[in-house]
Amino acid sequence: MDFTFTEEQQAAAEAAKGVFAGVAPDSVPSPALTTGAVADDFDRALWVRLAEADLLSLLLAEEFGGAGLDAIALCLVLRESAKVLARVPLLEHTAAAAAVQAYGGEELASALLPRAGRGETVLTVAAHGRTGHDPAELAVTARRDGEMWELDGVQTAVPWAHGADAVLVPAHTGDDRAERSVLALVPRDHGGAVLAEQFSTTGERLGELRLESARIPAHHVIEADGAWEWLRALLATGTCALALGLGERVLRMTSDYTGKREQFGYPIATFQAVAVQAADRYIDLRAMEATLWQAAWRIASGAQGALPATGDVAVAKIWAAEGVRRVVQTAQHLHGGFGADTDYPLHRYHAWAKHLELSLGPAAAHEEALGDLLAAHPLG
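Conventions used here
Numbering of residues starts from 1 in each chain and follows the order in which that chain's sequence is written. Local features in this predicted model are restricted to residues of pLDDT 70 or higher, and side-chain atom pairs are both shown and tallied only at a pLDDT of 80 or more, whereas totals for entire chains, interfaces and linings draw on every residue. Only heavy atoms go into the side-chain values, all of them from the structure, while hydrogens and water stay out. In this text, helices come from DSSP runs of H or I with a minimum length of four residues, and strands from runs of E with a minimum of two, each type numbered from the N-terminal end. Both definitions apply: the radius of gyration is a C-alpha atom measure, and the globule rule equals 2.2 Å times residues to the power 0.38. Only protein chains enter the accessibility calculation, which uses a 1.4 Å probe; a residue is then buried when its area is under 20% of its type maximum, exposed when over 50%, and partly exposed in between. A pairing counts as a salt bridge when a side-chain nitrogen of Lys or Arg comes within 4 Å of a carboxyl oxygen of Asp or Glu. Only a pair of cysteine sulfur atoms within 2.5 Å qualifies as a disulfide here. One bridge is not enough; two strands pair if DSSP finds at least two bridges between them. Here the expected length of a helix is defined as 1.5 Å per residue gap, with one fewer gap than residues. We define a polar contact as two N or O atoms separated by no more than 3.5 Å, with the added condition that, inside protein, one atom must be a possible hydrogen donor and the other a possible acceptor, whereas residues neighbouring each other in sequence contribute only through side-chain atom pairs. Residues count as neighbours in contact if any of their non-hydrogen atoms are within 4.5 Å of one another.

Trainee: Honestly, the overall build of the protein in this entry has me stumped. Any pointers?
Mentor: Across its full length, the protein carries 10 helices and 10 strands. Compactness check: the protein gives a C-alpha radius of gyration of 21 Å against a globular reference of 21 Å for 380 residues, within 12% of the reference. In terms of overall dimensions, the protein has a C-alpha envelope of 80 × 55 × 40 Å along the principal axes. By the burial criterion, 52% of the 380 residues in the protein qualify as buried.

Trainee: Whenever I open this one, the pattern of salt bridges confuses me. Can you help?
Mentor: As a working rule, side chains carrying opposite charge can pair if their charged atoms are close by. Overall, the coordinates contain 27 salt bridges when judged by the stated rule. Of the charged contacts in the structure, one is a salt bridge between Arg326 and Asp284, with a shortest N-O distance of 2.9 Å. Highlighted residues: Arg326 in helix H8 (residues 309-335) and Asp284 in helix H7 (residues 272-301), separated in sequence by 42 residues. A salt bridge links Glu357 to Lys354; the shortest N-O distance between them is 2.9 Å. On the criterion of helical spacing, the pair formed by Glu357 and Lys354 is a turn pair, its members being three residues apart in helix H9 (residues 346-358). Under the relative-accessibility criterion, Glu357 is labelled buried at 10%. Among the ionic contacts, a cluster of salt bridges with common partners joins Arg79, Glu80, Lys83, Glu248, Arg286 and Glu289.

Trainee: What exactly am I supposed to notice about the state of the cysteines here?
Mentor: Cysteine pairs can be linked by a disulfide, which is a covalent bond between their two sulfur atoms. Summed over all chains, the structure comprises zero disulfides. The thiol of Cys75 is not disulfide-bonded; the next cysteine sulfur, from Cys240, is found 8.0 Å away. Residue classification places Cys75 among the buried residues on the basis of a relative accessible area of 0%. The class of Cys240 is buried, set by a relative accessible area of 2%.

Trainee: Before we go on, may I ask you to explain the pairing of strand S2 (residues 140-145) in this structure?
Mentor: Successive residues of a regular strand alternate their side chains across the two faces of the sheet. With six bridges joining them, S2 and strand S3 (residues 148-159) adopt antiparallel strand pairing. Bridge assignment links Val140 to a residue of S3, and that residue is Gly153. The antiparallel hairpin formed by S2 and S3 contains two residues in its connecting segment, where Gly146 sits at a positive phi of about 65°.

Trainee: I would appreciate a short explanation of the pairing of strand S7 (residues 205-217) in the present structure.
Mentor: Across nine bridges, the pairing between S3 and S7 is antiparallel. Along S7, the bridge assignment pairs Glu150 with Arg215. Sheet topology note: the strand S6 (residues 193-199)/S7 ladder contains seven bridges and is antiparallel. Residue Leu195 lies in a different strand from S7, and its bridge partner there is Leu209. Here S6 folds back onto S7, and the loop between the two strands holds five residues, one of which, Gly203, carries a positive phi near 90°.

Trainee: Can you help me understand helix H3 (residues 71-83) in this one?
Mentor: Residues that lie three or four places apart on an α-helix share one face, since the helix turns once every 3.6 residues. Taking 1.5 Å per residue, 13 residues should reach 18 Å; H3 reaches 19 Å between its end C-alpha atoms and fits that length. N-capping of H3 is provided by Asp70, with a side-chain oxygen placed 3.2 Å from the backbone N of Ile72. At the exit of H3 stands Leu85, carrying a positive phi of roughly 55°.

Trainee: Would you explain H7 in this entry?
Mentor: If you check H7, its first and last C-alpha atoms are 43 Å apart, about what 30 residues at 1.5 Å a residue would give, namely 44 Å. Of the residues trailing H7, Gly302 is marked for its positive phi of about 70°.

Trainee: Just to check I follow, could you spell out the environment of His220 for this structure?
Mentor: With respect to the secondary-structure elements, His220 resides in the loop between S7 and strand S8 (221-222). For His220, a relative accessible area of 23% gives the class partly exposed. A sequence separation of 129 residues divides His220 from Tyr349, and the C-alpha atoms of the two residues are 37 Å apart. If we skip the residues at most four places from it in the chain, His220 touches Leu108, Leu183, Ala184 and Leu185.

Set out below in structure tokens:
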């Protein structure tokens with residue numbers, strides 16, 4: 001495997017570093033000290049800077065004002081965003097726009113994508129279903145009625161839903177003879193769509209989207225086969241990139257702290273027990289990185305393998321979920337009581353890590369999915 005990045009991918013990463021350089025991870029109240037949401041909206045000022053740097057249109061074609069890059073470039077940018085806990089719907093927005101471009105109709109793409117690329121229209125995705133454990137597409141039923149589709153069901157934990165202009169909602173047709181998944185673009189204030197407030201472990205506002213006979217024009221519904229599966233794989237891979245960036249920053253914080261904190265006249269980083277734990281977490285991060293780029297490459301290239309690309313995505317998510325949890329737990333342990341101090345940002349990283357660990361399924365769910373793939377595609 002050659003994971004050398006192209007000049008365009010490296011340029012996107014460098015641009016991201018510049019945009020995120022001035023972002024403070026503790027710019028909002030601590031979730032440990034806040035009973036409700038830490039903020040009513042995402043970081044709009046940062047969103048504008050991302051748009052000005054053309055980082056919201058990375059995956060869009062030139063005809064829509066984009067750079068025409070791929071999932072690898074997106075993951076490089078997401079990796080940098082997680083290092084500062086950037087409070088923007090970068091993953092969901094970019095993935096939703098990419099799905100519309102790849103699978104949506106020309107009318108929808110032409111109307112939506114230029115504005116999305118400029119950040120003027122904000123998109124998110126309802127990817128967690130009713131419980132967070134069942135397939136998201138089963139939480140909503142879609143029924144065709146002439147030139148309209150009618151949606152009924154509930155999607156929970158929709159990220160950034162209260163600040164987004166539209167939610168891309170997976171649904172199933174409910175026809176036993178030819179049941180399939182579709183993606184419906186639902187405006188936030190659309191008739192028949194009710195948005196209730198929920199909260200993440202990070203303290204951010206989530207949305208419970210309740211659809212009751214919500215009627216959506218047919219050209220706002222993506223019916224292409226494989227659209228939802230592709231979008232879900234891209235979201236899961238992006239979540240792995242966020243976990244990697246967060247873990248790398250946390251390990252750096254731990255290294256800096258243990259290099260300065262002294263016991264018995266020596267920095268605790270020189271103690272074997274401390275060094276071994278840090279080394280184990282470094283190995284976790286390298287495994288997270290290798291499996292991430294494998295999954296992103298499969299999505300970007302469409303290359304065939306012994307297993308479908310979803311197998312590589314499952315492996316990446318298993319490592320990301322388990323790895324990021326171990327990294328933040330070790331960091332808390334090696335920081336001692338200082339790690340729980342709400343004036344120090346480590347506790348925020350711990351909360352975000354828990355959210356990323358469980359987003360789009362914990363490690364156990366992806367282990368089960370990987371087992372099913374191996375059963376269906378025996379390796380000779």
